[in-house]
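Given next are the chains, with one letter for each unit.
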Amino acid sequence: MSKYEYSFKVENIEPYANYCIHNHYKKIKDTKEIRKLYKNKTNIVATITIDIEANATVLDFREDSGVTKLKKEVLESKPLKVLKNNQESIFSILSIFQYKLAKTFVRNRVIYEKENIRFEIDKYLEPALCYVVALEGEKEEVEEIYREIKNLE
């Protein structure tokens, strides 16, 4: 599955949250997450995301497009929910494909959606405080919305 998105660091996430609210996006998630990024010698990374409030763990894989790209179109797997009694199996699979833990992030994530557009607004707490906004969906719609929001700060 291919995904088209803009992802960028910001100084303040409030203008983006306000944009979503004023444009009738629906808040579908507001949670704290621990995200573990695993890498091997391929350009495919694995992530394990633990949603603390929902007590849920998800595994997914995606192309490693590099964190410096503002706009990207990447292939990614559908998320696989990991049951507590299967966590050892997941680590065994990662080990077989020689994935090693590269980074651990802690973040607060708020997700807004409307039609074919999704905003992911993140406040990273660890390893360092920073704010990131991601806008994803159909290419033409994402391009149009990005032109509207790129100068919000």
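Look up: the structure comes first, before these words.
As a starting point, this report considers the structure included with it. (Residues numbered from 1 in each chain as written. Predicted model: local features only at pLDDT ≥ 70, side-chain atom pairs only at ≥ 80, totals over all residues. Heavy atoms only, no water.)

## Quick notes on the pattern of salt bridges
Inspection of every chain in the model, using the stated rule, returns 13 salt bridges. Of the charged contacts in the structure, one is a salt bridge between arginine 35 and aspartate 60, with a shortest N-O distance of 3.9 Å. Remark: aspartate 60 occurs in strand E4 (residues 56–63) and arginine 35 occurs in strand E2 (residues 26–39); sequence separation between them is 25 residues. For the salt bridge of glutamate 120 with arginine 118, the shortest nitrogen-to-oxygen distance reads 3.1 Å. Each of Lys29, Glu33, Asp51, Arg107, Arg109, Glu113, Arg118, Glu120 and Asp122 takes part in one network of salt bridges that share partners. (Salt bridge = Lys/Arg side-chain N within 4 Å of Asp/Glu carboxyl O. Helix = DSSP H or I, 4+ residues; strand = E, 2+ residues; numbered from the N terminus.)

## Thoughts on the environment of aspartate 51
Residue placement: aspartate 51 occurs in strand E3 (residues 44–51). Note on aspartate 51: relative accessible area 10%, which makes it buried. Sequence separation between aspartate 51 and glutamate 144 is 93 residues; the distance between their C-alpha atoms is 31 Å. Apart from residues no more than four positions distant in its own chain, aspartate 51 is found in contact with Lys29, Thr31, Lys32, Glu33 and Ala56. In terms of polar contacts, aspartate 51 uses its side chain to reach the backbone amide nitrogen of glutamate 53, at 3.2 Å. (Buried < 20%, exposed > 50% of the residue type's maximum accessible area, 1.4 Å probe, protein only. Contact = heavy atoms within 4.5 Å. Polar contact = N/O pair within 3.5 Å; in protein donor to acceptor, adjacent residues only side chain to side chain.)

## Side note on the nonpolar core
In terms of nonpolar packing, the biggest core is built from 21 residues, with Phe8, Tyr25, Tyr112, Phe119, Leu135, Ile145 and Ile149 touching the most fellow members. Mapped by element, the contributors of at least two residues to this core are strand E1 (2–10), helix H1 (14–22), strand E7 (100–114), strand E8 (117–126), strand E9 (130–137) and helix H3 (139–149). The residues touching isoleucine 149, leaving out its near neighbours within four places in the chain, are Phe8, Tyr16, Tyr19, Phe119 and Leu135. The next biggest cluster of nonpolar side chains, apart from the first, holds eight residues, and it includes Tyr38, Ala46, Ile48 and Leu94. (Core = buried A, V, L, I, M, F, W, Y, C linked by side-chain atoms within 4.5 Å.)

## Re the pairing of E4
As defined by bridge partners, E3 adjoins E4 across eight bridges and the pair is classed as antiparallel. When the bridges of E4 are listed, threonine 47 appears paired with aspartate 60. In terms of strand pairing, E4 meets strand E6 (residues 80–82) through three bridges, oriented antiparallel. Across the sheet, valine 58 pairs through a bridge with lysine 81, a residue of E6. (Pairing = 2+ DSSP bridges.)

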